[in-house]
Amino acid sequence: MARLTFRIRPGRALVLVAAGLYFLVPLAASVIFTVDVPGQGVTFDAYTAILGTDGFLGSLLLSLELAAATIAVVLLLMVPALVALRLGAPRLRAVVEIVCALPLVVPPIAFVAGISTVLKWGPDHLSRTPLFQTFVAVQNPDFPFVLVLAYVVMALPFVHRALDAGLRAIDVRTLVEAARSCGAGWPQALVRAVLPNLRGALLNAAFLTLALVLGEFTVAHLLGFRPFAVWIVDISGAQAQMSVAVSVLSLLVTWALLLALAAVGGRRTPSRTASQG
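Now for a look at the structure at hand.

How each quantity is defined
- Residues numbered from 1 in each chain as written.
- Predicted model: local features only at pLDDT ≥ 70, side-chain atom pairs only at ≥ 80, totals over all residues.
- Heavy atoms only, no water.
- Helix = DSSP H or I, 4+ residues; strand = E, 2+ residues; numbered from the N terminus.
- Buried < 20%, exposed > 50% of the residue type's maximum accessible area, 1.4 Å probe, protein only.
- Contact = heavy atoms within 4.5 Å.
- Polar contact = N/O pair within 3.5 Å; in protein donor to acceptor, adjacent residues only side chain to side chain.
- Core = buried A, V, L, I, M, F, W, Y, C linked by side-chain atoms within 4.5 Å.
- Salt bridge = Lys/Arg side-chain N within 4 Å of Asp/Glu carboxyl O.
- Axes fitted to C-alpha atoms, helices over the stretch in contact; angles between N-to-C directions.
- Parallel < 35°, antiparallel > 145°, perpendicular 65-115°, else oblique.
- Left-handed = near helix turned anticlockwise from the far one by under 90°.

Turning our eyes to something else, we now look at the overall build of the chain. Within the chain one finds 13 helices and two strands. Per-residue burial over the chain gives 32% buried out of 277 residues. In the chain, the proportion of contacts linking residues at least 24 apart, taken out of those at least 6 apart, comes to 76%.

This is how it looks when you write it as structure tokens:
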């Protein structure tokens, strides 16, 4: 049996080494900053004190709750829309793609300014209507649903790309027609025939949305809320080492989730072959 050999060209090796150094050197410097205390030597107090720090668990749980809600809303919005677009209105794909890409060209400051204007306008003009309570509810500090709405908009470009790539890899029309011919309704055809074939795309979209929510700072800070990213910046002035330690841990957790996502998305069910004796 011939042996498979892999050759890496010098140019590609140089690019890989440069990319590795670009990511690993700042990470190593951050780790050294958190464990090397002048006059004390190497200590891990910055990491052991994280759980007991005021606001850590609350801000982290808030960010995870916001991420879960954002993932649910954006997937419930985009999956049926893209499937219906592919089945019934393929000519509108370019329009939908442009609309989903708009958050990439709108500055976050302008985006937050628009949200703030709407939130200030609502209570002033709708104080005698039932919608007033809606404006109050979406700004609840315990769970600011207005951040979920903002994050859904910000996640549209990434979710659209991930789901569109997944839909391009399968024959959606054939799957839906086969499910319909077996007596399934439209919701059943979507859940039982299309979604299982979009597992990798759904995981990619969920992971990108999770990373976006955990690392977003501008919108949450300017609207006056305190999720995980805002909490890290708030403690950076008084506890610089701890804030860097939290950032390092969050980065490592993000990489671990990425590796888990790649493992789950790349897993394939082995095909069954029948042998005849």
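Our focus in this paragraph is the side chain of His160. Position of His160 among the secondary structure elements: in helix α7 (residues 145–168). When its relative accessible area of 5% is taken as the criterion, His160 is described as buried. If sequence neighbours within four positions are ignored, His160 has contacts with Met78, Leu82, Val96, Glu97 and Cys100.

Assignment of secondary structure puts Arg86 in helix α3 (residues 56–88). Linking Arg86 and Leu167, residues 81 residues apart in sequence, is a C-alpha distance of 8.4 Å. Once residues lying within four places of it in the same chain are set aside, the contact partners of Arg86 are Arg93, Asp164, Leu167, Arg168, Val172 and Arg173. Within polar-contact distance, the side chain of Arg86 engages the side chain of Asp164 at 3.4 Å.

Counting 55 residues, the largest nonpolar core has Leu75 and Leu163 as its most contacted members. The set of elements that each furnish at least two residues to this core consists of α3, α5 (108–125), α7, α8 (172–181), α9 (186–194), α10 (199–215) and α11 (218–223). What Leu163 contacts, discounting residues up to four positions off in sequence, is Leu75, Met78, Val79, Leu82, Ala201, Leu202 and Ala205. Phe56, Phe228, Ala245 and Val246 belong to the second-largest nonpolar core, a separate cluster that totals 14 residues.

Let us now look at the pattern of salt bridges. This structure, assessed with the given rule, holds four salt bridges. Asp164 is paired through a salt bridge with Arg86; the nearest N and O atoms lie 3.4 Å apart. Here the residue Asp164 occupies a position in helix α7, and Arg86 occupies one in helix α3, the gap between them amounting to 78 residues. Salt-bridge contacts for Glu97 lead to Arg161; the nearest nitrogen and oxygen are separated by 3.0 Å.

To continue, consider the packing of α3 against α10. Two elements in contact, α3 and α10, have axes whose closest approach is 9 Å; the angle formed by their N-to-C orientations is 140°. Classified by the angle between their axes, α3 and α10 sit oblique to one another. Between α3 and α10 lies a crossing whose hand is right-handed. Residues Ser63, Leu64, Leu66, Ala67, Thr70, Ile71, Val74, Leu75 and Val79 of α3 form the contact with α10, whose participating residues are Leu202, Ala205, Ala206, Thr209, Leu210, Val213 and Leu214.

Interpretation note: all reported values are geometric properties and have no functional meaning in isolation.
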